[in-house]
Amino acid sequence: MKWKRNLVLIFLLLAGVVMGSLLATVTAKVPFLGWLSYGSSVGISTAEPMLLDLAVLQVAFGFQFQINVAQIICIILAILMYKGLADRL
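Here the structure is a predicted model, which is why all the values come from computation and not from measurement.

Asks: Would you mind going over the pairing of strand β3 (residues 58-61) with me for this structure?
Replies: Each regular strand displays side chains that alternate between the two surfaces of the sheet. One ladder, built from four bridges, connects strand β2 (residues 50-53) with β3; its direction is antiparallel. Bridging across to β3, L51 finds its partner in A60. Here β2 folds back onto β3, and the loop between the two strands holds four residues, one of which, A55, carries a positive phi near 70°.

Asks: For this particular structure, what's the right way to read the side chain of T27?
Replies: Relative to the helices and strands, T27 is located in helix α1 (residues 2-27). Of the polar contacts made by the side chain of T27, one reaches the backbone oxygen of L23; its length is 2.8 Å. Leaving out residues up to four positions away in the same chain, T27 has contacts with L33, G34 and L36.

Asks: I'm lost on helix α2 (residues 69-86) in this one. Help?
Replies: Given a rise of 1.5 Å per residue, 18 residues ought to cover 26 Å, and the 26 Å separating the end C-alpha atoms of α2 matches this to within 8%. Residues of α2 that are buried: A70, Q71, C74, A78, Y82 and A86. One side of α2 carries all its buried residues, which in axial view fall inside an arc of 135°. Of the exposed residues in α2, the ones pointing more than 90 degrees away from its buried face are L80 and K83. Considering only its buried residues, α2 is in contact with α1 and β4 (63-68).

Asks: Is there a simple way to think about the packing of α1 against α2 in this case?
Replies: The axes of two packed helices give the description: the angle between them and the distance between them. Closest axis-to-axis distance for the α1/α2 pair is 8 Å, and the angle between their directions is 150°. Classified by the angle between their axes, α1 and α2 sit roughly antiparallel to one another. Handedness of the crossing formed by α1 with α2: right-handed. On α2, the residues that touch R5, V8, L9, L12, L13, G16, V17, M19, G20, S21, L23 and A24 of α1 are A70, Q71, C74, I75, A78, I79, M81, Y82, L85 and A86. In the contact of α1 with α2, the residues fall into 17 nonpolar, four polar and one charged.

Reading guide: rules and limits
- For every chain, the first residue of its written sequence is number 1, and the numbers climb from 1 along that sequence.
- Note on the predicted model: pLDDT of at least 70 is required for a residue's local features to be given, and 80 or more for side-chain atom pairs to be given and counted; whole-chain, interface and lining totals, by contrast, use all residues.
- By convention in this description, side-chain values take in all heavy atoms of the structure and omit both hydrogens and water.
- We treat two strands as partners when DSSP finds at least two bridges between them.
- Each helix corresponds to a stretch of at least 4 residues labelled H or I by DSSP, and each strand to a stretch of at least 2 residues labelled E; elements are numbered beginning at the N terminus.
- Within 3.5 Å is the distance limit for a polar contact, defined as a pair of N or O atoms, with the added protein rule that one can donate a hydrogen and the other accept it, and that residues adjacent in sequence qualify only through two side-chain atoms.
- We call two residues in contact whenever any of their non-hydrogen atoms come within 4.5 Å of each other.
- In a helix, the anticipated span is given by 1.5 Å times the number of residues less one.
- With a 1.4 Å probe rolled over the protein chains alone, any residue whose accessible area is under 20% of its type maximum counts as buried; one over 50% counts as exposed, and the rest are partly exposed.
- For this quantity, the arc is that covered by the directions from the helix axis to the C-beta atoms.
- Interaxial angle, 0 to 180 degrees, is taken between N-to-C directions of lines fitted to C-alpha atoms, where a helix line uses only the stretch in contact.
- Orientation categories follow fixed angle ranges, with anything under 35 degrees roughly parallel, anything over 145 roughly antiparallel, 65 to 115 roughly perpendicular, and all other angles oblique.
- Crossing handedness is read from the near helix: turned anticlockwise from the far helix by less than a right angle, it gives a left-handed crossing, and turned clockwise, a right-handed one.
- By the convention adopted, Pro, Cys, Tyr, Trp, Phe, Met, Ile, Leu, Val and Ala count as nonpolar, Lys, Arg, Asp and Glu as charged, and the other residues, Gly among them, as polar.

Listed below in structure tokens is the structure:
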């Protein structure tokens, strides 16, 4: 059941990203945990997307990828959890 393993991996990775984002937001104001919210964003800004105007149709392109330290830690934990669970699936 390879699809089951892939589904578990995707779920754990998404949960790691969401939990990391939540953790970074909560700890941003705490002085000794503020380093968890340090991060960067890369991409085409969604506030000012790239616009393609074809006179009849206008298409806007925007993509922004944001990552912080807490998300990286949670993703690593999710991968380690997957390695422990993969043998049982």
